[in-house]
Amino acid sequence: GAGVSQSPSNKVTEKGKDVELRCDPISGHTALYWYRQRLGQGLEFLIYFQGNSAPDKSGLPSDRFSAERTGESVSTLTIQRTQQEDSAVYLCASSLERGSPLHFGNGTRLTVT
Amino acid sequence: SQQGEEDPQALSIQEGENATMNCSYKTSINNLQWYRQNSGRGLVHLILIRSNEREKHSGRLRVTLDTSKKSSSLLITASRAADTASYFCATPGGNTNAGKSTFGDGTTLTVKP
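Rules of the game
- The residue numbering used here restarts from 1 in each chain and proceeds along that chain's sequence as written.
- Chains carry letters and ligands carry numbers; both start at the beginning, A for chains and 1 for ligands, and go up in the order they are written.
- The predicted origin of the model limits local features to residues at a pLDDT of at least 70 and limits the giving and counting of side-chain atom pairs to 80 or more, whereas totals for whole chains, interfaces and linings rest on all residues.
- Values reported for side chains reflect all heavy atoms of the structure, with hydrogen atoms and water molecules removed beforehand.
- Secondary structure follows DSSP: runs of H or I at least 4 residues long count as helices, runs of E at least 2 residues long count as strands, and numbering of each begins at the N terminus.
- For this measure, only C-alpha atoms enter the radius of gyration; the expected value for a globule follows 2.2 Å times N^0.38, where N is the number of residues.
- Any residue under 20% of the maximum accessible area for its type is buried, any over 50% is exposed, and the rest in between are partly exposed; the area is computed with a 1.4 Å probe on protein chains only.
- We call two residues in contact whenever any of their non-hydrogen atoms come within 4.5 Å of each other.
- Surface exposure here means Shrake-Rupley accessible area, sampled with a 1.4 Å probe, where a residue is shielded only by the protein chains that are shown.
- By the counting scheme adopted, Arg and Lys are positive, Glu and Asp are negative, and His together with the chain ends is not counted.
- To locate a charge, take atom NZ for lysine, CZ for arginine, CG for aspartate or CD for glutamate.
- Here, the term disulfide refers to a pair of cysteine sulfur atoms separated by no more than 2.5 Å.
- Within 3.5 Å is the distance limit for a polar contact, defined as a pair of N or O atoms, with the added protein rule that one can donate a hydrogen and the other accept it, and that residues adjacent in sequence qualify only through two side-chain atoms.
- Between any two strands, pairing holds if DSSP finds at least two bridges.
- Lines fitted to C-alpha atoms define the axes, with helix axes restricted to the stretch in contact, and inter-axis angles between N-to-C directions lie between 0 and 180 degrees.
- The pLDDT value tells you how sure the predictor is about a given residue, anywhere from 0 up to 100.
- Buried area adds together the accessible area that both of two parts lose upon being put together, with accessible area traced by a 1.4 Å probe.
- Any Lys or Arg side-chain nitrogen located within 4 Å of an Asp or Glu carboxyl oxygen qualifies as a salt bridge.
- Two kinds of site are reported from a 1 Å grid over the protein atoms alone, namely cavities, where a 1.4 Å probe fits but cannot get out, and pockets, open sets with protein on both sides within 12 Å along at least five of seven lines, and residues are called lining when an atom falls within 4 Å of a point.
- Grid points are joined across faces, edges and corners, and a volume is the space filled by probe spheres set on the points.
- Think of it as three bins: nonpolar holds Ala, Val, Leu, Ile, Met, Phe, Trp, Tyr, Cys and Pro, charged holds Asp, Glu, Lys and Arg, and polar takes everything else, Gly as well.
- Each Phe, Tyr or Trp ring (for Trp, its six-membered ring) is paired with any other whose centre lies within 6.5 Å, and the angle between the two planes then decides the class: stacked below 30 degrees, edge-to-face above 60, tilted in between.

K.L.:
Explain the overall build of chain B to me, using residue names and the numbers behind them.
P.N.:
Helices and strands together make up the secondary structure of chain B, namely 0 helices and 11 strands. Of the regular secondary structure in chain B, the N- to C-terminal order runs β-β-β-β-β-β-β-β-β-β-β. For 113 residues, the compact-globule estimate of 2.2 N^0.38 gives 13 Å, and chain B sits close to it at 13 Å. For chain B, the spread of C-alpha atoms along the three principal axes comes to 45 × 30 × 20 Å. Taking all 113 residues of chain B together, the buried fraction comes to 47%. Long-range pairs, those at least 24 residues apart, make up 55% of the contacts in chain B between residues at least 6 apart in sequence. Accessible surface, chain B: about 5,400 Å² in total, of which carbon and sulfur atoms supply 44%. In chain B, which carries 13 positive and 10 negative side-chain charges, the distance between the mean positions of the two groups comes to 5 Å.

K.L.:
Break down the state of the cysteines for me, with residues and values.
P.N.:
All names here are of chain A. Summed over all chains, the structure comprises 2 disulfides over all chains. Disulfide pairing is shown between cysteine 23 and cysteine 92; the S-S distance is 1.9 Å. Because the torsion about its S-S bond is -65°, the bridge between cysteine 23 and cysteine 92 counts as left-handed. Residue cysteine 23 is located in strand 3 (residues 19–24), and its partner cysteine 92 is located in strand 8 (residues 88–95); the two are separated by 69 residues in the primary sequence.

K.L.:
Account for the environment of B:Trp34, with residues named and values stated.
P.N.:
All names here are of chain B. Within the secondary structure, tryptophan 34 is located in strand 4 (residues 31–37). For the pair tryptophan 34 and aspartate 7, spaced 27 residues apart in sequence, the C-alpha to C-alpha distance is 13 Å. Within polar-contact distance, the side chain of tryptophan 34 engages the side chain of serine 72 at 3.1 Å.

K.L.:
So what about the sheet that holds strand 7 (residues 75–79) of chain A? Which residues, and what values?
P.N.:
Residue and element names in this part refer to chain A. Pairing is antiparallel in the open sheet, where 4 strands are placed in the order 1-3-7-6. Only two strands of the sheet have a single neighbouring strand rather than two, namely strand 1 (5–7) and strand 6 (65–69). Taking each pair of neighbouring strands and ignoring which way they run, the sheet shows an average axis angle of 15°. Relative to strand 7, strand 3 runs antiparallel, the two being bridged by 5 bridges. Within the sheet, the bridge partner assigned to valine 19 lies in strand 7 and is isoleucine 79.

K.L.:
With reference to specific residues and values, describe the confidence of the model for chain B.
P.N.:
Residue and element names in this part refer to chain B. In the predicted model, chain B carries a mean pLDDT of 89, and 90% of its residues have values of at least 70. Predicted confidence in chain B is weakest over strand 1 (residues 5–7), with a mean pLDDT of 81, and strongest over strand 7 (residues 61–66), with 98. For the stretch residues 94–98, pLDDT sits under 50, and the model shows 7 contacts to residues farther than four places along the chain or on other chains.

K.L.:
Describe the interface of chain B and chain A, listing the residues and the values that go with them.
P.N.:
At the junction of the two partners, chain B supplies 21 residues and chain A supplies 20 residues. For the pair chain B and chain A, the summed buried area comes to about 1,600 Å², and 52% of that belongs to carbon and sulfur atoms. Viewed at the interface, chain A and chain B are joined by 0 salt bridges. Here chain B is connected to chain A by 5 residue pairs in polar contact (both at pLDDT 80 or more).

K.L.:
Please give an account of the layout of surface pockets that cites residues and values.
P.N.:
Empty space within the largest pocket amounts to approximately 570 Å³. Surrounding the largest pocket, 29 residues form its lining, A:Gln37, A:Gly40, B:Gln37, B:Ser39 and B:Gly40 being those nearest its centre. Per-class residue counts for the lining of the largest pocket are 6 nonpolar, 19 polar and 4 charged.

K.L.:
Explain the packing of aromatic side chains residue by residue, including any values.
P.N.:
Evaluation of the coordinates by the stated rule reveals 8 aromatic pairs over all chains. Measuring from ring centre to ring centre gives 6.1 Å for A:Tyr35 and A:Phe45, while their planes differ by 70°; the resulting arrangement is edge-to-face. Taken together, the residues span a long stretch of sequence, with A:Tyr35 in strand 4 (residues 31–37) and A:Phe45 in strand 5 (residues 43–50) at a distance of 10 residues. Considered together, A:Tyr35 and A:Phe45 belong to a single accessibility category, that of buried residues. Here the aromatic cluster, defined as three or more aromatic residues joined through ring pairs, consists of A:Tyr33, A:Tyr35, A:Phe45, A:Tyr48, A:Phe104, B:Tyr35 and B:Phe103.

Encoded structure:
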């Protein structure tokens, strides 16, 4: 079956512009995560959606970052007024339920020039 | 700071040798998961060990968990060049973390043919 799909796979943007990253999770997965991974580093938790519960936004680095999820389907991560420090790979993952193994997309590589 | 911390940061071995990676974590867990990441790709789930288990095997993988020391190890036996990747541990939190999974910075394994 289809895995987690992220788009675009690569995005180059100018400093100050807004970007929107999309994640299509595996159908039926109630949990959805966004992580940021800088070059050669580990995964930095950004936000977690679980069913209809309020999302855990504790990892969002600033108010320029926001994310939405429509029901138990598509999620979008929006970064406003991008900065060069936002350059990274943004990974989305979904899981069947809380605590279950995560299924990752291949990420969106964001480059802010 | 990240919940899980892997060591060593980097490991280089010859094909056929065994590779051992360690993970330490800080708070209570329901389970601990190991993932692999090939360059430029998302993470792939390898194995999950529950908090009431001490050891688990899957093919050439062996995982141990010591909850008293809050540590886990991943052993890859008879390594192959194709095992070259970064390996991460992840700890879905207990109720206090509402199930979000946090990752360490990973161990980069290089297996020389």
